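Descriptive structure summary
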Amino acid sequence: MLGVTRAMDFAARRHSTQRRKGLKAEPYINHLTEVALLLAEATDGADPALVMAGLLHDTLEDTVTTRAELVEAFGDDVASLVAAVTDDKELLRDQRKRRQVESAPGKSPRARMLKIADKIANLRSLTESPPLGWSARKRHEYAVWAREVVAACGPTNELLERLFADIADRIT
Ligand code: ZN
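What counts, and at which threshold
Residues numbered from 1 in each chain as written. Predicted model: local features only at pLDDT ≥ 70, side-chain atom pairs only at ≥ 80, totals over all residues. Heavy atoms only, no water. Phe/Tyr/Trp six-rings, centres within 6.5 Å; stacked < 30°, edge-to-face > 60°. Helix = DSSP H or I, 4+ residues; strand = E, 2+ residues; numbered from the N terminus. Buried < 20%, exposed > 50% of the residue type's maximum accessible area, 1.4 Å probe, protein only. Lys NZ or Arg CZ within 6 Å of the ring centre and 35° of its normal. Axes fitted to C-alpha atoms, helices over the stretch in contact; angles between N-to-C directions. Parallel < 35°, antiparallel > 145°, perpendicular 65-115°, else oblique. Left-handed = near helix turned anticlockwise from the far one by under 90°. Contact = heavy atoms within 4.5 Å. Nonpolar A, V, L, I, M, F, W, Y, C, P; charged D, E, K, R; others polar. Donors = N, O, S within 2.8 Å, 3.2 Å for Na, K, Ca; no water. Tetrahedral: all angles 85-135°; square planar, octahedral: opposite > 155°, others 65-115°.

In this structure the tally under the stated criterion is 3 aromatic pairs. Measuring from centroid to centroid gives 5.3 Å for Phe 10 and Phe 74, while their planes differ by 90 degrees, and the two rings are edge-to-face. In this pair, Phe 10 sits in helix H1 (residues 2-14) while Phe 74 sits in helix H5 (residues 67-74), placing the two residues 64 residues apart along the sequence. Both residues of the pair, Phe 10 and Phe 74, belong to the buried class. Taking 5.3 Å as the distance between ring centres and 70 degrees as the angle between the ring planes, the aromatic pair formed by Tyr 142 and Trp 145 counts as edge-to-face. Within this pair, Tyr 142 and its partner Trp 145 are both found in helix H9 (residues 136-153), separated by 3 residues, close to a single helical turn. Across this residue pair, the class does not change: Tyr 142 and Trp 145 are buried. Over the face of the ring belonging to Trp 145 we find Lys 97, whose NZ or CZ atom lies 4.6 Å from the ring centre.

The structure is reproduced here in structure tokens:
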């Protein structure tokens, strides 16, 4: 409980100036709490570290946070989960997307759950609040790629897979 609350506070502060890309421009923390809730439900509340990683999953990619900082504040397990779903920023956008598909099977089951929860939240945002300038074709292509990533994750968690299929079916 304390860990989850601290992760929530940390994430809210680090992402405080960011908003989602969609038309509604929701505060970024909404995305993080959605991912965390999906993970809490998928594990029936039994894996607080995974929920914390859900809250923190974009800190390395999108804020000034370092992995050492996450280790210090939240421990190795949480930091490793976040690192496992962080793209290598040295790579170009298309390479990063390819890498997500290629690397998914080698990730731990918990990291794969985090990956799927993130894709569910992203596809929901894409339907409920599409980014300005994103054509139906671009949305479709994103969903096709998300499906590839989730398929590459293999059987991971029934609830998450079902929720992903529900939303992906609406777009593709
Ligand atoms: Zn995310």
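A pair of packed helices can be characterised by two numbers: the angle between their axes and the separation between those axes. For the pair helix H6 (residues 76-84) and helix H8 (residues 109-128), interaxial distance at closest approach is 9 Å and the crossing angle is 55 degrees. Taken together, H6 and H8 sit at an angle that is classed as oblique. Crossing of H6 over H8 shows right-handed handedness. In this structure, H6 contributes Asp 77, Leu 81 and Ala 84 to the contact, and H8 contributes Arg 110, Ala 111 and Leu 114. Split by residue class, the contact of H6 with H8 holds 4 nonpolar, no polar and 2 charged.

With that settled, consider the coordination of the zinc ion. The coordination sphere of the zinc ion, as far as protein atoms go, consists of His 31 (NE2), His 57 (NE2), Asp 58 (OD) and Asp 118 (OD), spread over 2.1 to 2.5 Å. Geometry at the zinc ion is irregular, judged from the 4 donor atoms that bind it and their angles of 81 to 172 degrees at the metal. Coordination of the zinc ion draws on donor residues from a single chain, spaced H-x25-H-D-x59-D in sequence. Taken together, the residues His 57 in the loop between helix H3 (48-56) and helix H4 (59-62) and Asp 118 in helix H8 connect sequence positions 61 residues apart. As far as the burial class goes, His 57 and Asp 118 line up, both buried.

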